[in-house]
Amino acid sequence: MVFEFRSNYTEMKENNILTVVVPVYNEESNMDRLEKELSAFAGISSVPTRILFVNDGSTDTSQQQLETMCERNEAFSFIQFRENCGLSAAIKAGIDQAETPLVGYIDADLQTSPEDFNKLLPFANDFALVTGIRVDRKDSFVKKLSSKLANSIRRSITHDGATDTGCPLKIMQTPVARKIPFFDGMHRFLPALIQLEGGTVKEVPVRHFPRVAGESKFHLWNRLGGPLKDLFAYSWMKNRYIRYDIKKRG
């Protein structure tokens, strides 16, 4: 694919195009697999790519392993939080640190494959957000049901038209991503927030896999109770949101 990103970000550090943000929280048993799959993707990505790990205050050996991994892999780097701040903060930090015109996101559990970023990249010129839709999900019945309910309630309020906002495989145009309002829980509303900024969204089917190491950080309450609470915050913000475009400077 010939990539022709149209923005002021055409000249970036080391001519990289994509930064993949990987939030990490107590994933020590998954680090070897992370290194293997992400280093492999960096070698086959259709655009020059860097991997940025965000250690969200892990209390296990994740940080020590991250430092070793980054020493071994030129395309890897990391930032470490002083304490656990949550998934939304980790994604925001990654966007803030990215020095590329595109910023991607994938969960450290690798239930989606980094290789599938190559399915999203062809659309990144024309859409501010390209997000995966998990096909044939390998989750428990309770997890799939709670996700379906949360998505249905979210769509009824945000009208974002998104099928699967919980899919942890996304690519955003960095200039747009930096403009959207961030709050705790914002990762559930990325399509709606991008649309608030006037951006467009594209959904692409991607593969889904069972978790093979580590433990899920989510349960029934934070899949349903958390999103419901955040919906009220989103609705309040949407009604008071300010967006403007400068026509001319003098």
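We now turn to the structure provided with this report.

Calculation notes
Residues numbered from 1 in each chain as written. Predicted model: local features only at pLDDT ≥ 70, side-chain atom pairs only at ≥ 80, totals over all residues. Heavy atoms only, no water. Phe/Tyr/Trp six-rings, centres within 6.5 Å; stacked < 30°, edge-to-face > 60°. Helix = DSSP H or I, 4+ residues; strand = E, 2+ residues; numbered from the N terminus. Buried < 20%, exposed > 50% of the residue type's maximum accessible area, 1.4 Å probe, protein only. Lys NZ or Arg CZ within 6 Å of the ring centre and 35° of its normal. Lys, Arg positive; Asp, Glu negative; His and termini not counted. Salt bridge = Lys/Arg side-chain N within 4 Å of Asp/Glu carboxyl O. Polar contact = N/O pair within 3.5 Å; in protein donor to acceptor, adjacent residues only side chain to side chain. Contact = heavy atoms within 4.5 Å. Pairing = 2+ DSSP bridges. Right-handed = clockwise from strand over helix to strand, strands pointing away. Arc of directions from axis to C-beta. Axes fitted to C-alpha atoms, helices over the stretch in contact; angles between N-to-C directions.

On to the packing of aromatic side chains, then. Across all of its chains, the model carries two aromatic pairs by this definition. Both rings, one in phenylalanine 41 and one in phenylalanine 117, keep their centres 5.6 Å apart while their planes meet at 40 degrees; by these two values the pair is tilted. Placement of phenylalanine 41 in helix α1 (residues 31–44) and of phenylalanine 117 in helix α4 (residues 117–120) is noted, with a sequence separation of 76 residues between them. In terms of burial, phenylalanine 41 and phenylalanine 117 fall into one category: buried. When the centroid spacing of 5.3 Å and the interplanar angle of 75 degrees are considered together, the rings of phenylalanine 53 and phenylalanine 76 count as edge-to-face. Placement of phenylalanine 53 in strand β2 (residues 49–55) and of phenylalanine 76 in strand β3 (residues 76–80) is noted, with a sequence separation of 23 residues between them. Phenylalanine 76 matches phenylalanine 53 in its accessibility class, with the two residues each being buried. Residue placement shows lysine 92 over the ring face of phenylalanine 182; its charged tip is 5.1 Å from the ring centre.

With respect to the element layout, aspartate 107 can be found in the loop between β4 (102–106) and α4. Despite its burial, aspartate 107 remains without a salt bridge, the nearest opposite charge being carried by arginine 134 at 6.8 Å. A distance of 2.4 Å separates the side chain of aspartate 107 from the side chain of tyrosine 105, its partner in a polar contact. In contact with aspartate 107, not counting residues within four places along its chain, are Leu87 and Pro168.

Of all seven residues making up strand β1 (residues 18–24), seven are buried, and the element is well covered by its neighbours. Taking every second residue as pointing to the same face, both faces of β1 are buried, with Leu18, Val20, Val22 and Val24 on one and Thr19, Val21 and Pro23 on the other. Pairing between β1 and β2: seven bridges, direction parallel. Paired with threonine 19 across the strands is arginine 50, a residue of β2. Running through α1, the crossover from β1 to the neighbouring parallel element β2 is right-handed.

A word on the pattern of salt bridges. By the definition in use, this model includes seven salt bridges. Between arginine 72 and glutamate 35 there is a salt bridge, and its shortest N-O distance comes to 2.7 Å. Remark: glutamate 35 occurs in helix α1 and arginine 72 occurs in helix α2 (residues 62–72); sequence separation between them is 37 residues. The partner of glutamate 115 in a salt bridge is arginine 207, and the shortest N-O contact between them spans 3.5 Å. Of this pair, glutamate 115 sits in the loop between β4 and α4 while arginine 207 sits in the loop between β7 (201–206) and α8 (220–239), and the two are 92 residues apart along the sequence. A cluster of three or more residues bridged by salt bridges with shared partners is formed by Glu115, Asp116, Lys119 and Arg207.

With that settled, the discussion passes to α2. Of all the positions in α2, only Ser62, Gln63, Leu66, Met69 and Cys70 are classed as buried. Axial view of α2: buried residues confined to an arc of 120 degrees, hence all on one face. With respect to the buried face of α2, the exposed residues turned more than 90 degrees away are Glu71 and Arg72. Elements in contact with the buried residues of α2: β1, α1, β2 and β3.

What follows deals with the sheet that holds strand β5 (residues 129–134). Strand order across the open sheet formed by seven strands is β3-β2-β1-β4-β6-β5-β7, with mixed pairing between neighbours. The open sheet is flanked by β3 and β7, the only strands paired with a single partner. Put simply, the sheet's adjacent strands are angled 25 degrees from each other on average, direction ignored. Bridge count between β2 and β3: five bridges; the pairing is parallel. Counterpart to leucine 52 in the pairing with β3 is serine 77. Of the strands in this sheet, β1, β2 and β3 touch α2, which is tilted by about 150 degrees from β3. Sheet contacts for helix α3 (residues 87–97): β1, β2, β3, β4 and β6 (169–173); angle to β1, the most-contacted strand, approximately 150 degrees.

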